[in-house]
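For reference, the chains in residue letters:
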Amino acid sequence: GGRTSRVAGVPGDAITYYAATASGGVWKSTDGGMKWKAIFDDQPVASIGAVAVAPSDPNVIYVGSGEANPRGNVAAGNGIYKSTDGGKTWKASLTISENTGVTDVVFDPRNPDVLYAASYQRRRHAWTLIDGGPECTIHKSTDGGASWQKIESGLPAGQMGRIGLAIAPSIPDVLYAHVEAANKKGGIFRSTDRGTTWEKRNGYETTMMYYATIYTDPKNADRIYVMNFNIMVSDDAGTTLK
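This report concerns the structure included in the present document. Remember, it's a predicted structure, so these values are computed and weren't measured experimentally.

**With respect to the layout of surface pockets**
Reported here for the largest pocket is a volume of approximately 680 Å³. Listed by contribution, the elements that provide at least two residues to the lining of the largest pocket are β1 (4-10), β5 (48-54), β9 (100-107), β14 (160-167) and β18 (214-216). Estimated volume of the second largest pocket: approximately 340 Å³. Around the second largest pocket, the lining comprises 23 residues; the ones closest to its centre are A76, G77, E98, N99 and R122. Among the elements of the structure, β9 and β10 (115-124) are those that each provide at least two residues to the lining of the second largest pocket. Grouping the constituent residues of the lining of the second largest pocket by class yields 7 nonpolar, 11 polar and 5 charged.

**A look at the pattern of salt bridges**
For the coordinates displayed, the defined rule picks out 9 salt bridges. For R190, the salt bridge goes to D222, with nearest N and O atoms at 3.9 Å. Of this pair, R190 sits in strand β16 (residues 187-191) while D222 sits in the loop between β18 and β19 (224-226), and the two are 32 residues apart along the sequence. Residue classification places R190 among the buried residues on the basis of a relative accessible area of 17%.

**So, the nonpolar core**
Among the nonpolar cores identified, the biggest contains 19 residues, and Y116, I138, I163, L165, A177, V179 and W198 are the most heavily contacted of them. The residues touching A177, leaving out its near neighbours within four places in the chain, are I138, I163, G164, L165, G187, I188, F189 and W198.

The rules behind these values
Residues numbered from 1 in each chain as written. Predicted model: local features only at pLDDT ≥ 70, side-chain atom pairs only at ≥ 80, totals over all residues. Heavy atoms only, no water. 1 Å grid on protein atoms, 1.4 Å probe; cavity = no way out; pocket = protein on both sides within 12 Å on 5 of 7 lines; lining within 4 Å. Points joined across faces, edges and corners; volume = space filled by probe spheres on them. Helix = DSSP H or I, 4+ residues; strand = E, 2+ residues; numbered from the N terminus. Nonpolar A, V, L, I, M, F, W, Y, C, P; charged D, E, K, R; others polar. Salt bridge = Lys/Arg side-chain N within 4 Å of Asp/Glu carboxyl O. Buried < 20%, exposed > 50% of the residue type's maximum accessible area, 1.4 Å probe, protein only. Core = buried A, V, L, I, M, F, W, Y, C linked by side-chain atoms within 4.5 Å. Contact = heavy atoms within 4.5 Å.

Written out as structure tokens, the structure is:
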């Protein structure tokens, strides 16, 4: 399976977990991680960058194909997949172009049909690296992934790169985005209106190729964690980090 790119648990279930792997599909454990079973082998893609379980319905699972870390040996994905029966069958939900995939997905815990996805335009060969472009942005769906709309108001003008997303479980109207952008316009952005508009809170950027992930405290919408060589924390909605 290569690198484990993301894991997800099931709210209220302490022993069921899903693991997304860089080149081995999706795995499921129902005994707290002692044993794992492959559940994505029938799909036409093996590289996975994200997996998420709907808090309101553990049978609804979303998988973002294509590893999120653009290493030299990374494999491509072909869109977002959704399962409504615990991972037995899947349907592609969002595809953009041959060079652009989705690196992060979050959804409103009040309604699993409301999703936010970050697209990342990239292509890596021995002779070139596409690392960002006009297809990098945030998408929103209100119908379970059947249709998507771009939401860009307040995000950096010009070309963006990789974007990490987080939604506040305590106040789901609040979202955070860790944005890579040209001309040092990236950083930590926050939305308080379900992603409609965004405000820049901090110009902090990391090595986004590896660390474009951001997390919100489950009980405090103003506390966020940002991954880097060190784990950074903010208690004022991203204005300051330590």
